[in-house]
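As a plain string of letters, each chain reads:
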Amino acid sequence: MSSLLFIIVVDWVMNSTISNSNNTGIRWTLFNYLEDLDYADDLALLSHLETHMQDKTTKLQKNASLIGLNINIKKSEVMPLNTTEPPLIDLNGTPLDCTSSFTYLGSIVTSEGGADKDIRARIGKARTAFLKLRHIWKTSNISKNTKIRLYNSCVLAVLLYGAECWRMTEKDINKLSSFHNGCLRKILRIFWPRKITNKDLHETTGSNNMETLLKQKRWRWIGHVLRRPAEDLTRVALRWTPEGKRKKGRPKTTWRRTVEAEMKEHGISWGVIEKKAQNRDEWKELVLALCAPGHNKD
């Protein structure tokens, strides 16, 4: 009950902060702006201009203090994007630190938009989970199938938390593949000089290679999002294009470019997948086709 009351109070604070805002967030749709992202007490204010951010930060502190809540300055940071000069945002006269990355809901968000830091953190946490179960991997009293099921539930789930939205590069996939294959080899107790190909390793353990696993998570999540109402934030985000111009040079690999490249490879469009997503059976067949082993490297 106390948690519910806290959420209600925080929701009132945020609504009071942005209720009178006149388009001070980032453009989300043609007629709407996205002002903030909230989950319990993890609050993120969004603004296109420094003056708007300062105004919203001041209002947030004022509204919070009315009901006895205070913002922790040490845990509050500003992350600027596409600017050479860091913004000067203060809280009660105390400047807030600028950062190039921060953790939000268990995932690391960076100003560059990549997943490199998040992947490194995930590998570290998955390695810890794997080592905690080392007595399981070493014992001969537990079957191989049971060990693999434990690995999928307790290690792989930690490793790929949030992977649906990662912007993947070849380097990132190689890092994840190296950890994944290394864990499977240790579970099977395959050490040098004994050798086994990655393909045989995955067939023996009944698992998929990392590229397939990432594709499966990404496309299953896309189907879930496309079944949401058209105005849902996650569904709008699939097709959202930020305001402004991109920097000169070769376009970076992005999440959406990766998805659209996979769609193009199979000759399908956004219109097709939006229609198929409404039928779960048809969507499952599409995901199987998109993630077929023949289209992935082992």
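Below: a short report on this structure. (Residues numbered from 1 in each chain as written. Predicted model: local features only at pLDDT ≥ 70, side-chain atom pairs only at ≥ 80, totals over all residues. Heavy atoms only, no water.)

**Regarding the overall build of the chain**
Then, in step 1: When helices and strands are tallied, the chain shows 12 helices and 10 strands.
Then, in step 2: Judged by the C-alpha coordinates and their principal axes, the chain covers about 65 × 45 × 45 Å.
Then, in step 3: Buried residues in the chain amount to 37% of all 298 residues.
Then, in step 4: For the chain, the exposed area adds up to about 18800 Å²; of that, 53% sits on carbon and sulfur atoms.
Then, in step 5: Between the averaged position of the 48 positive side-chain charges in the chain and that of its 32 negative side-chain charges there is a distance of 8 Å. (Helix = DSSP H or I, 4+ residues; strand = E, 2+ residues; numbered from the N terminus. Buried < 20%, exposed > 50% of the residue type's maximum accessible area, 1.4 Å probe, protein only. Areas by Shrake-Rupley, 256 points an atom, 1.4 Å probe, with all protein chains shown as cover. Lys, Arg positive; Asp, Glu negative; His and termini not counted. Charge placed at Lys NZ, Arg CZ, Asp CG, Glu CD.)

**Structural notes on the pairing of strand β4 (residues 42–45)**
Then, in step 1: In this structure, strand β3 (residues 36–39) lies alongside β4, joined through four bridges in antiparallel fashion. Looking at the pairing, Asp36 lines up with Leu45 of β4.
Then, in step 2: Between β3 and β4, which pair antiparallel one after the other, the connecting turn spans two residues, and Ala40 there sits at a positive phi close to 55°. (Pairing = 2+ DSSP bridges.)

**Structural notes on the pattern of salt bridges**
Then, in step 1: For the structure shown, the criterion picks out nine salt bridges.
Then, in step 2: Where Glu164 meets Lys217, a salt bridge forms, and the shortest distance between an N and an O atom there is 3.3 Å. With Glu164 in the loop between α5 (144–159) and α6 (170–187) and Lys217 in helix α8 (residues 210–226), the pair connects residues that are 53 residues apart, well separated along the chain.
Then, in step 3: The class for Lys217 is partly exposed, based on a relative accessible area of 25%.
Then, in step 4: In this structure, Glu274 engages Arg239 in a salt bridge whose closest nitrogen and oxygen atoms are separated by 3.3 Å. Taken together, the residues span a long stretch of sequence, with Glu274 in helix α11 (residues 270–276) and Arg239 in helix α9 (residues 233–239) at a distance of 35 residues.
Then, in step 5: Classification of Glu274 by relative accessible area gives partly exposed; the value is 24%.
Then, in step 6: Residues joined in a network through salt bridges with shared partners are Asp116, Arg120 and Lys175. (Salt bridge = Lys/Arg side-chain N within 4 Å of Asp/Glu carboxyl O.)

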